[in-house]
Amino acid sequence: MTQPSAAPKGVMQRLLDVVEKAGNMVPHPVLIFLALIGIVIALSHVMYLLGVEVTFEAIVPHAADKQEPYSAYSRTYDTGTSVEYRQADEKSYHVEKQSVAARSLLTGEGIRFMYVSFIPNFMSFTAVGLMIAAMVGAGVAEESGLVNSIIRKLVIISPRWALIYILSFVGILSSIAADAGYLVLIPLAGTAFMSVGRHPIAGLALGFAAVAGAFTVNMLIKPLDAVLVEFTNDAIALVDPSITIGLASNLWFSVASVIFLTIVLAVITERIIEPRLGKYDPKLAGDEPPKVEQGALSADESRGLTYSAIAGVAAIVVFGLLAIPSGAPLRDPETDVLIGNSPFMNGLIALIMVMFLVAGAAYGFGARTITSLTGIIKAMEKAMTGLGGLILLFLVLSQFVAYFNYSNMGTIMALRLADILTTANFPALLLLVGFIVVVALIDLLITGAIAKWALFAPIFVPLLMALAVAPEAVLAAYRVADSPINTITPLNAYFALVVGFAQKYDKNAGVGTVVSMMLPYVVILFVLWTTLFAGWYLLGLPWGL
C-alpha cells in the first residue's frame, strides 16, 4: 500500500499492518453483506422461536400523527451514517411503554416483507440520492479545475503546518451541511495532501475522521440538534415536566469539542498515520496515477477563480433572498426560524450542489477549461460513471439494514445492554462512562443518531436525573458516544465510498486499509473525548446556554 519508512516499526504499527492484511483478505463488500443478510435471516428465526422480547419506554408519535409524523418538506441527515434521513417533526412525539419481540424473516409475513420491500428499501436509502446530487455539482467543480486551483491557492497563502488543522476544522464543521462532508471534504483532503507532497491516503483518513468521527458536535445549531433535544425533553418529562432544555443546551461543550478534536485529529494524522504510510508512490495507483498540479496559478486559472467568486457571491445573494427576510420561503413556515429545523437547513445539500455547479461552471468558462454548456453536462456524466459499483453496494446494504430493522434484533440488543448497565448500581460519572461505552458498541449496528437516542433517552435521562445529573450532561455524553465508531463500521453508508477514494491512490487498497487507518482515530478519540467529557463534568462547567 505504501513506501514505508526505513525506521523499525513499533508494536502499534505492526498490529495495524496485521489488521490491514486481514481486512484486505475479506471478500468484496457486496459478498460480505450478502452473507450478513443470510445470518440476520437465520438469527431472526432463532430469536423468534425462543420468544425473545423486551419491554421499554420509547419516544413515539402521537396517535394522530402515527401515519406520517414527518414534516412534508424536511430531511434530517441523521448520521454520518445510514438510512433514516427523513426529518422527524419533534413536536409530534411523546413517551409510551412498548414491547418489542423478535420477528422472523422466515415466517410467511417475513417472506412477504422481503419480497415486497426490495425496491422500497433501496428507494428509501437516501444516501444514494444525496451522493448523486452532490456529485453533480462536485463533478463540475473538479472537472473544470476549480478544486485543484482552490487547493493550490490555499497551499500558497497558508503555512504548510496549518493545512492539516484547516482540513480537520472544516471537516468537523461540515456536519452542518449533513452528509456533504463525506462527498466533498474527504476527497478534497486527499487531493490537498497530495498537492503538498504528503500521502493522499493520510488526507483521506483525516477527512473521514473529521467528518464522521465528530459528527454530533458543531459550532452551529444544525437540524439533528432539534430532534435530539426534543427527545431529551420528552424523557425529562418522565421525571419533571416543568424542566426543559433548549437547542443550545450543549453549545459550550460542542464548541470546546470542535477545537479539542481539531487538534487531536491533526496530531494523530501527523504522529501515527503519516509515519506508517511513508512516502507516497504514484505507481501504486496503477496505469493512470492521479495528477495534481502544483506551483503558482496561471493567468487563466486566476481569472477562473475570479469568475468563480463572482458566481458564488451571486448564488449566495439569491439564496439569501430566499432565506434571510422574515417569512422567506426557506424559513420554517410556522416558527419563522432559519437556523435549526427549517427548510433551509434541511435542504442544505441542494445549496451545496448549486454552489459547486455554479462556481465550477464559472471557473471553467473563466479558465477556458469549459467552453460550452455541453462541457458542463459531460463533466456531470463523468462524475456519474464511477458510481456503478457503489450503487450496487447500496442496493445490497439497503436490504441488510431493512431486514435487520425488521427483525428488531438491534433494539433488543441495545435494551438488554442498557438493562445490564442500569442494574449495575454505578456512581453517576461511572454510569455516564458506561453509557458512552454501550452506545458506542450499539453504534456498530445501529448507526443513526436519532434511532439510538429514541431508545436510550427514556432509559438513561430519568435514571441519571435521579442521581442529580443534568439532562444536558446525558445528551453531551451521547454526542461523545455516537460519533467515533462511525469511521469503522461497515454499516456507515459512506464507508465503501471511502474505500473507493483510497483505491484512486492505491489500487490494492481495501476494507482492511481503511479500518487499519481509522482504528487509531477511533481508540484515541474515544479515550480523549471521554476524558474531556469527564473533566467537564467534574469541574461543573456549563454545557451550553
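Criteria and thresholds
Residues numbered from 1 in each chain as written. Predicted model: local features only at pLDDT ≥ 70, side-chain atom pairs only at ≥ 80, totals over all residues. Heavy atoms only, no water. Helix = DSSP H or I, 4+ residues; strand = E, 2+ residues; numbered from the N terminus. Buried < 20%, exposed > 50% of the residue type's maximum accessible area, 1.4 Å probe, protein only. Contact = heavy atoms within 4.5 Å. Areas by Shrake-Rupley, 256 points an atom, 1.4 Å probe, with all protein chains shown as cover. Core = buried A, V, L, I, M, F, W, Y, C linked by side-chain atoms within 4.5 Å. Axes fitted to C-alpha atoms, helices over the stretch in contact; angles between N-to-C directions. Parallel < 35°, antiparallel > 145°, perpendicular 65-115°, else oblique. Left-handed = near helix turned anticlockwise from the far one by under 90°. Nonpolar A, V, L, I, M, F, W, Y, C, P; charged D, E, K, R; others polar. Salt bridge = Lys/Arg side-chain N within 4 Å of Asp/Glu carboxyl O. Expected span 1.5 Å × (residues − 1). Phe/Tyr/Trp six-rings, centres within 6.5 Å; stacked < 30°, edge-to-face > 60°. Lys NZ or Arg CZ within 6 Å of the ring centre and 35° of its normal. pLDDT = per-residue confidence, 0-100. Polar contact = N/O pair within 3.5 Å; in protein donor to acceptor, adjacent residues only side chain to side chain.

Here we come to the overall build of the protein chain. Of the regular secondary structure elements, the protein chain holds 22 helices and four strands. Of all 545 residues assigned to the protein chain, the portion counted as buried reaches 56%. Within the protein chain, counting contacts between residues at least 6 apart in sequence, those at least 24 apart form 82% of the total. Only carbon and sulfur atoms are counted for the fraction: they give 68% of the accessible area of the protein chain, which is about 22,700 Å².

Core analysis: the biggest nonpolar cluster contains 154 residues, and Phe-435, Trp-453 and Phe-456 have the highest contact counts within it. At twelve residues, the largest contribution of residues to this core is made by helix α19 (residues 449-465). Contact partners of Trp-453, with chain neighbours within four places excluded, come to Leu-228, Phe-231, Thr-232, Phe-435, Pro-458, Val-461, Val-474, Leu-475 and Tyr-478. In this structure, Ile-176, Ala-323, Phe-344 and Leu-348 belong to the second largest nonpolar core, which totals eight residues.

Our next topic: the packing of helix α9 (residues 200-213) against helix α22 (residues 511-539). Any two packed helices are characterised by the angle at which their axes cross and by the distance between the axes. Running from amino to carboxyl end, α9 crosses α22 at an angle of 40°, the nearest separation of the two axes being 10 Å. On the basis of the axis angle, α9 is oblique to α22. The handedness of the crossing between α9 and α22 is right-handed. Every residue of α22 that contacts α9 at Ile-201, Ala-202, Ala-205, Leu-206, Phe-208, Ala-209 and Gly-213 is listed here: Val-514, Met-517, Met-518, Tyr-521, Leu-525 and Trp-529. Residue classes in the contact of α9 with α22 are distributed as twelve nonpolar, one polar and no charged.

If you check the backbone angles, Asp-336 has positive phi at about 65° while not being a glycine. Note on placement: Asp-336 falls in the loop between α12 (299-323) and α13 (343-346). Classification of Asp-336 as partly exposed rests on a relative accessible area of 25%. A positive phi is found at Asn-408, a non-glycine position, where the angle reads about 70°. Its location among the elements puts Asn-408 in the loop between α16 (388-407) and α17 (409-422).

This part is about the pattern of salt bridges. Following the criterion strictly, the structure yields eight salt bridges and no others. Measuring nitrogen to oxygen at the nearest pair gives 3.2 Å for the salt bridge that ties Arg-103 to Glu-109. Judged by its relative accessible area of 31%, Arg-103 falls in the partly exposed class. Judged by its relative accessible area of 45%, Glu-109 is partly exposed. Taking the shortest distance from any N to any O, the salt bridge between Lys-452 and Asp-443 comes out at 2.9 Å. The pair formed by Lys-452 and Asp-443 is uniform in burial state, with each residue classed as buried. Shared partners join several salt bridges into a network, and the residues in it are Arg-198, Glu-270 and Glu-274.

Between its terminal C-alpha atoms α22 stretches 41 Å, which fits the 42 Å expected from 29 residues at 1.5 Å a residue. Immediately beyond the C-terminal end of α22, within one or two residues, lies Gly-540, with a positive phi of roughly 70°.

For the pair α19 and helix α20 (residues 471-482), interaxial distance at closest approach is 10 Å and the crossing angle is 140°. One finds that α19 runs oblique with respect to α20. Between α19 and α20 lies a crossing whose hand is right-handed. Of the residues in α20, those touching α19 at Ala-449, Lys-452, Trp-453, Phe-460, Val-461, Leu-464 and Met-465 are Pro-471, Val-474, Leu-475, Tyr-478 and Asp-482. By residue class, the composition of the contact of α19 with α20 is ten nonpolar, no polar and two charged.

Right, let's talk about the packing of aromatic side chains for a bit. In total, this model carries 18 aromatic pairs according to the counting rule given. The interplanar angle of 65° and the centroid separation of 5.4 Å between the aromatic rings of Phe-253 and Trp-543 together place this pair among those described as edge-to-face. Residue Phe-253 is found in helix α11 (residues 251-277), and its partner Trp-543 is found in the segment after α22; the two are separated by 290 residues along the sequence. No difference in accessibility class separates Phe-253 from Trp-543, as the two residues are buried. Taking 6.3 Å as the distance between ring centres and 55° as the angle between the ring planes, the aromatic pair formed by Phe-435 and Trp-453 counts as tilted. Of this pair, Phe-435 sits in helix α18 (residues 428-443) while Trp-453 sits in helix α19; the two residues are 18 residues apart in sequence, bridging distant segments of the chain. For the pair formed by Phe-435 and Trp-453, the shared burial category is buried. In this structure, Arg-103 packs its charged tip against the face of Tyr-406, placed 3.8 Å from the ring centre. Above the ring of Phe-193, the side-chain terminus of Arg-198 is found at 4.8 Å from the ring centroid.

Another point: the environment of Ile-420. Mapped onto the elements, Ile-420 comes out in helix α17. For Ile-420, a relative accessible area of 57% puts it in the exposed group. Distance from Ile-420 to Val-438, taken between C-alpha atoms, is 9.9 Å for residues 18 residues apart in sequence.

With 86% of its residues at a pLDDT of 70 or more, the protein chain has an overall mean of 82. The model gives residues 64-90 a pLDDT under 50, and that stretch makes 90 contacts with residues more than four places away or in other chains.

Summarising the element assignment, Gln-399 is placed in helix α16. Residue Gln-399 is classed as buried on the basis of its relative accessible area, which comes to 3%. There is a polar contact of 3.4 Å between the side chain of Gln-399 and the backbone oxygen of Leu-395. Other than its neighbours up to four places away in sequence, Gln-399 contacts Ile-37, Ser-117, Phe-118, Asn-121 and Phe-122.

With respect to the element layout, His-199 can be found in the loop between α8 (180-195) and α9. Separated by 80 residues in the primary sequence, His-199 and Lys-279 have C-alpha atoms spaced 6.4 Å apart. Polar contacts involving the side chain of His-199 include one to the main-chain amide nitrogen of Ile-201, which spans 3.2 Å.

Considering the arrangement of structural elements, one finds Thr-306 in helix α12. Owing to a relative accessible area of 44%, Thr-306 belongs among the partly exposed residues under this scheme. As a C-alpha pair, Thr-306 and Ala-362 span 56 residues in sequence and 8.8 Å in three-dimensional space.

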